[in-house]
Amino acid sequence: MSRIAGWCVAVLLSVTCANAQAQVDAERVRIHGSQTMAARLVPAVAESWLRDIGYQDIRREQANATLTEIHAQRDGMPLVVEIQASSSAQGFQDVVDGNAQIAMMTRRPNAVELDAGWQLGDLASHDQEFAMALDGAAVVVHRDNPLPKLGLAQLRRVLSGQVRDWRELGGRGAVHLHMVAGANSARDLIDERVMQGSPYAPAQLHANGESLVKAIAQDPGGIGFVTLRQPWGANVRPLALSDGGRAVAPTRLAVQSEDYPLARRFYLYGSQMMGALSRSFALYTMGQRGQDAVTRAGHFALTLRPGYAPPTLVGPKDYRDLVGQATRLPLSLRFNLTGNNESGVAASVYDSRAVRDIDRIVAFMRLPVNRGRRLLVVGFADAAGSSVAATMMSNDRADLVAHELMARGLTVLHARGVGAQVPLTASGNLSARYRNERVEIWML
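A. Region of interest: the environment of Ala 39. Assignment of secondary structure puts Ala 39 in helix H2 (residues 35–52). Owing to a relative accessible area of 52%, Ala 39 belongs among the exposed residues under this scheme. Separated by 143 residues in the primary sequence, Ala 39 and Gly 182 place their C-alpha atoms 15 Å from one another.

What follows is the structure, encoded as structure tokens:
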């Protein structure tokens, strides 16, 4: 081998080894879990985070069918954000096992998972539980279908084929089920919240949500479900749904307030020792820049935008009179239940989203356009127990929030509880109590 050729080989080997060593030495932020979150949402927000904290040469690589890697460097130091698509359960287990710093989950950990992950710390704390975005499913029918709403139990009967003619529910004509072929996030949610193990009736299958809504636009007897991110067009409309409480349509306000029964949160979870970069990313998703990236990725952000007065108000007269001239902010503050909330852990008075929503309310009301405006705080309770106890509980919740907001310098004109008169779901368990015990914020 000539001297020049040998020198070239040496240089090439040196560069190759240096690149390999850089890859070995690159710090990694490992984010594992939900396929839905891993597909677009988390990679998009991760790239935005890297840009905003000064990383350069950001590039996305698909290492394999389930692993996305985002490579970047800052001041000569490489970083890899590893986004592994598996499932909410597997992502949580990877954090428990030390194979990931952050779990992506489309639900809260269940009791078994919390028991297995006891060493991770307080997973209901806003320091470890991060509500990143909102998502959900819409149940759509042809515009000419006269049915205005369905209960989730009725919907299960329709989707399972027990109801074959719309006349059984006040409509007309045969029921035609349309579904997107294969696994998808809307089906996951319908499986969990509606079907609960029941099989689906035979359905006309479609490649995607767009094809499904186009088919229903031509089918007066059609019904299907799509993600809330899917536009449904002029000849298709969503049904209002109820889960033992009032029927709620999937409006922006109802989704962001989580009044709509098929809305859900997308969570990030980390241990109390999750590391500086991992915590930086999780906190970034909560802020304005992170939430802007959530919106660009096609999901519902949690940041506050101006709300509106609903066209019809449901509830007792004193409630309707109180808020009739006001504008509702698109949120509902919820609470950790004493000793045993929906996560199984009591971290604070407020749940993790409400902790940040209070900060968002304060920042929103301090905008120049909102200066001088006043707030109405309305509390609701669960129906378990006496009506007197429910009224007292709803008043206590409203007073608690009002005092918090006034301590932050905001003007609260009225704080009032209306008891259990406007439930979102049938009472009977902790999940129902968690949904029904809430506080609305209205602005005058």
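Past the structure itself, the notes keep going.
B. Representation of the packing of aromatic side chains within the structure. Counted according to the given criterion, the structure contains six aromatic pairs. Taken together, the ring pairs in this structure connect Tyr 319, Phe 380 and Trp 442 into an aromatic cluster. The ring of Phe 335 has Arg 397 sitting right over it, with the charged end atom 4.2 Å from the ring centre. Positioned above the aromatic ring of Phe 380, the side-chain terminus of Arg 438 is 4.1 Å from the ring centre.

C. Expanded view of the layout of surface pockets. The space that makes up the second largest pocket amounts to roughly 640 Å³. Lining of the second largest pocket is provided by 29 residues; of these, Thr 36, Asn 184, Ser 185, Ala 186 and Asp 188 occupy positions nearest its centre. Among the elements of the structure, H2, helix H6 (185–195) and strand S10 (222–227) are those that each provide at least two residues to the lining of the second largest pocket. Each residue belonging to the lining of the second largest pocket can be placed in one class, and the counts come to nine nonpolar, 14 polar and six charged.

D. Region of interest: the pairing of strand S5 (residues 102–105). Here S5 shows no split at all, with Ile 102 and Met 104 on one side and Ala 103 and Met 105 on the other all buried. Bridging between S5 and strand S13 (residues 263–270) involves four bridges; their strand directions are antiparallel. Counterpart to Met 104 in the pairing with S13 is Leu 268.

E. How the structure looks around H2. The first and last C-alpha atoms of H2 sit 25 Å apart over 18 residues, in line with the 26 Å expected at 1.5 Å per residue. For H2, every residue scored as buried is listed here: Thr 36, Met 37, Ala 38, Leu 41, Val 42, Pro 43, Val 45, Ala 46, Glu 47, Ser 48, Trp 49 and Leu 50. For H2, the side-chain oxygen to backbone nitrogen distance between the N-cap and Thr 36 is 3.2 Å, and the N-cap itself is Ser 34. Looking at the residues trailing H2, positive phi occurs at Gly 54, about 95 degrees.

F. Seen up close, the pairing of S10. Across the six residues of S10, six count as buried, placing the element largely inside the fold. Pairing between strand S6 (residues 129–142) and S10: five bridges, direction antiparallel. In the strand pairing of S10, Val 139 is matched with Phe 225. Bridge count between strand S8 (residues 176–180) and S10: two bridges; the pairing is parallel. The partner of Leu 177 across the bridge, within S10, is Ile 223.

G. Seen up close, the pattern of salt bridges. Scanning the model with the defined rule gives 30 salt bridges in all. A salt bridge links Arg 229 to Asp 135; its shortest N-O distance comes to 3.0 Å. Separated by 94 residues along the polypeptide, Arg 229 in the loop between S10 and strand S11 (236–238) and Asp 135 in strand S6 bring together distant segments of the chain. A salt bridge links Arg 353 to Glu 258, with the nearest nitrogen and oxygen atoms 2.8 Å apart. Of this pair, Arg 353 sits in helix H12 (residues 352–365) while Glu 258 sits in the loop between helix H8 (252–256) and S13, and the two are 95 residues apart along the sequence. On the basis of relative accessible area, Arg 353 is assigned to the buried category, the value being 3%.

H. Highlighting the environment of Leu 120. Looking at where Leu 120 falls in the secondary structure, it is placed in the loop between helix H4 (111–116) and S6. Expressed as a C-alpha distance, the spacing of Leu 120 and Met 274, which sit 154 residues apart in the sequence, is 9.1 Å. Leaving out residues up to four positions away in the same chain, Leu 120 has contacts with Phe 92, Val 95, Val 96, Gln 128, Ser 271 and Gln 272.

I. Region of interest: H6. Looking only at H6, the buried set comprises Ser 185, Ala 186, Leu 189, Ile 190, Val 194 and Met 195. Buried residues along H6 sit against H2, S6, helix H5 (152–159), S10 and S13. For H6, the capping residue at the N-terminal end is Asn 184, with a side-chain oxygen 3.3 Å from the backbone nitrogen of Ala 186. Positive backbone phi, at 50 degrees, marks Gln 196, one or two positions downstream of H6.

J. The nonpolar core, seen in detail. Counting residues in hydrophobic clusters, the biggest one holds 57 residues, and the most contacted among them are Val 139, Leu 155, Leu 159, Ile 190, Ile 223, Leu 241 and Tyr 260. Per-element accounting of this core gives the leading share, seven residues, to S6. Aside from chain neighbours lying at most four places away, what touches Leu 159 is Leu 177, Ile 190, Val 194, Met 195, Pro 199, Tyr 200, Ala 201 and Phe 225. Trp 49, Tyr 55, Ala 293 and Ala 301 belong to the second-largest nonpolar core, a separate cluster that totals 34 residues.

Rules used in this analysis
- Residues numbered from 1 in each chain as written.
- Predicted model: local features only at pLDDT ≥ 70, side-chain atom pairs only at ≥ 80, totals over all residues.
- Heavy atoms only, no water.
- Helix = DSSP H or I, 4+ residues; strand = E, 2+ residues; numbered from the N terminus.
- Buried < 20%, exposed > 50% of the residue type's maximum accessible area, 1.4 Å probe, protein only.
- Phe/Tyr/Trp six-rings, centres within 6.5 Å; stacked < 30°, edge-to-face > 60°.
- Lys NZ or Arg CZ within 6 Å of the ring centre and 35° of its normal.
- 1 Å grid on protein atoms, 1.4 Å probe; cavity = no way out; pocket = protein on both sides within 12 Å on 5 of 7 lines; lining within 4 Å.
- Points joined across faces, edges and corners; volume = space filled by probe spheres on them.
- Nonpolar A, V, L, I, M, F, W, Y, C, P; charged D, E, K, R; others polar.
- Pairing = 2+ DSSP bridges.
- Expected span 1.5 Å × (residues − 1).
- Polar contact = N/O pair within 3.5 Å; in protein donor to acceptor, adjacent residues only side chain to side chain.
- Salt bridge = Lys/Arg side-chain N within 4 Å of Asp/Glu carboxyl O.
- Contact = heavy atoms within 4.5 Å.
- Core = buried A, V, L, I, M, F, W, Y, C linked by side-chain atoms within 4.5 Å.

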